[in-house]
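Overview (structure and organization)
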Amino acid sequence: MQTLLEFMRSHPVGGTLLKNGWGNNDFFGATAKIYKPHSVISRQDDHNDGIFVVKSGWAILYHGLPNGERQIIDTPLRGDIVGFRGVDGPRLASLASITELAVYEISSKELLKAILSQGHLGKKIACSLARLNAILAEHLMNTGRRNAMRRTAHFLLELEERLSMVGLSAHGRYECPLTQYELADILGMTAVHVNRTLRELRKADLVSFKSGYVEVINRKKLVETAGFDSEYLRYL
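Just so you know, these numbers come straight off a predicted model, no measurement behind them. Sequence positions are assigned chain by chain, starting from 1 and proceeding in written order. Where totals are concerned, whole chains, interfaces and linings use all residues; where local detail is concerned, this predicted model gives features only for residues with pLDDT of at least 70, and gives and counts side-chain atom pairs only at 80 or more. Excluding hydrogens and water, the side-chain figures rest on all heavy atoms present in the structure.

Strands are runs of DSSP state E lasting at least 2 residues, helices are runs of H or I lasting at least 4, and numbering of each runs from the N terminus. Broken down by element type, the chain carries eight helices and 12 strands. Any residue under 20% of the maximum accessible area for its type is buried, any over 50% is exposed, and the rest in between are partly exposed; the area is computed with a 1.4 Å probe on protein chains only. Taken over 236 residues, the chain has a buried fraction of 46%. Residue pairs at least 24 apart in sequence account for 71% of intrachain contacts in the chain once pairs closer than 6 positions are excluded. For the chain, the exposed surface amounts to about 11900 Å²; the carbon and sulfur share of it is 50%. We call two residues contacting when some pair of their heavy atoms lies within 4.5 Å. Throughout, the Shrake-Rupley method with a 1.4 Å probe supplies accessible areas, and for residues the shown protein chains are the sole cover considered.

Pairing between the strands of a sheet is mediated by backbone hydrogen bonds and can be parallel or antiparallel. Across the sheet, which stays open at both edges, the four strands sit in the order β9-β10-β12-β11 with antiparallel pairing between neighbours. The open sheet has two free edges, formed respectively by β9 (169–170) and β11 (207–210), since each of these has just one partner strand. As paired elements, strand β10 (residues 173–175) and strand β12 (residues 213–216) share three bridges and run antiparallel to each other. Residue pairing in the sheet places Arg-173 in a bridge with Glu-215 of β12. Between any two strands, pairing holds if DSSP finds at least two bridges.

Bridge count for β11 against β12 is four bridges, and the pairing is antiparallel. Paired with Phe-209 across the two strands is Val-214, which belongs to β12. A loop of two residues connects β11 with β12, the two strands running antiparallel in sequence, and Ser-211 in this loop sits at a positive phi of about 55 degrees.

Moving on, we get to the environment of Ile-60. Considering the arrangement of structural elements, one finds Ile-60 in strand β4 (residues 59–64). With 13 residues separating them along the chain, Ile-60 and Ile-73 place their C-alpha atoms 7.6 Å apart. Setting aside chain neighbours within four positions, we find Ile-60 in contact with Arg-70, Ile-72, Asp-74, Thr-75, Pro-76, Ser-94, Leu-95, Ala-96, Ile-98 and Leu-178.

We define a salt bridge as a side-chain nitrogen of Lys or Arg found within 4 Å of a carboxyl oxygen belonging to Asp or Glu. In total, this model carries nine salt bridges according to the counting rule given. Among the ionic pairs, Arg-162 bridges to Asp-74, the shortest N-O distance being 2.9 Å. Taken together, the residues Arg-162 in helix α5 (residues 148–165) and Asp-74 in strand β5 (residues 70–74) connect sequence positions 88 residues apart. Residue Asp-74 is classed as buried on the basis of its relative accessible area, which comes to 5%. Of the charged contacts, one joins Glu-160 and Arg-219 as a salt bridge, the two residues approaching to 2.2 Å between their closest N and O atoms. Taken as a pair, Glu-160 in helix α5 and Arg-219 in helix α8 (residues 219–226) lie far apart in primary sequence, 59 residues in all. On the accessibility criterion, Arg-219 (38% relative accessible area) is partly exposed. Several salt bridges converge on common partners, so that one network encompasses Asp-74, Asp-80, Arg-131, Glu-158 and Arg-162.

As for its position among the elements, His-47 is in the loop between β2 (40–42) and β3 (50–56). Residue classification places His-47 among the exposed residues on the basis of a relative accessible area of 65%. Along the chain, His-47 and Pro-90 lie 43 residues apart, while their C-alpha atoms are 4.7 Å from each other. Contact partners of His-47, with chain neighbours within four places excluded, come to Gly-89 and Pro-90.

The next subject is α5. A helix is expected to reach a length of 1.5 Å times the quantity of its residues less one. Along its 18 residues, α5 runs 26 Å from first to last C-alpha, staying within 8% of the 26 Å computed at 1.5 Å per residue. At the exit of α5 stands Gly-167, carrying a positive phi of roughly 75 degrees.

A fitted line through C-alpha atoms serves as each axis, taken over the contacting stretch for helices, and the angle formed by two N-to-C directions is quoted from 0 to 180°. α8 packs onto α5 with a crossing angle of 125 degrees between their chain directions and a minimal axis gap of 8 Å. When the axes of α5 and α8 are compared, the pair comes out oblique. Seen from above, α5 lies across α8 with left-handed handedness. Within the contact between the two elements, α5 uses Arg-150, Ala-153, His-154, Leu-157 and Glu-160 and α8 uses Arg-219, Leu-222, Val-223, Glu-224, Thr-225 and Ala-226. Here the word oblique covers every angle except those under 35 degrees (roughly parallel), over 145 (roughly antiparallel) and from 65 to 115 (roughly perpendicular). Two helices crossing with the near one rotated counterclockwise from the far one by less than a right angle form a left-handed crossing, whereas a clockwise rotation gives a right-handed crossing.

This is the structure in structure tokens:
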């Protein structure tokens, strides 16, 4: 079984968290836990200090509302860190699998000890969290200021960029198991509106989303439509 330390060394999160072989502590020997599709890994308002690192599969991070609706905040992908907080308290969002999902779970207290004892590790984690904040800021811009075409195009381009960084997208094509209902909860639209917008993007020969695969048809024009700048996704 691949340990968390081995995974960190060989994926983008490794470039963010660990670079010089540091990590002899026991928690870096953790092995990944496998969850079936549509499993809840952690729940909003839970009081536990677990931090998750995605090894493989697709997940959603979402905040539930009192009326039963939800806002999907992010789609954590391979190498992403989920649940890191600086203070004790309840979780602000739930984490659930879309496909079969493999995640490493470590204690935030143990990780904080490591950060305090290893200055370079703290810097790497800070950079990783800054990247996550930039992603969330773009998602806020999507729901708050971009129209349906722009926000959908922007999100599909973001997924392509994030997946290409971990070897899961090539030549503008990638697998995307998100349903139109999940896209609606990500983009702040109705499923009907998402369906109509995807048809418009395909009709304009910009991007196709069919049978669980996304294919960028005209990248230059799609980038212009979305106003997309991938700088916020860059790793160190």
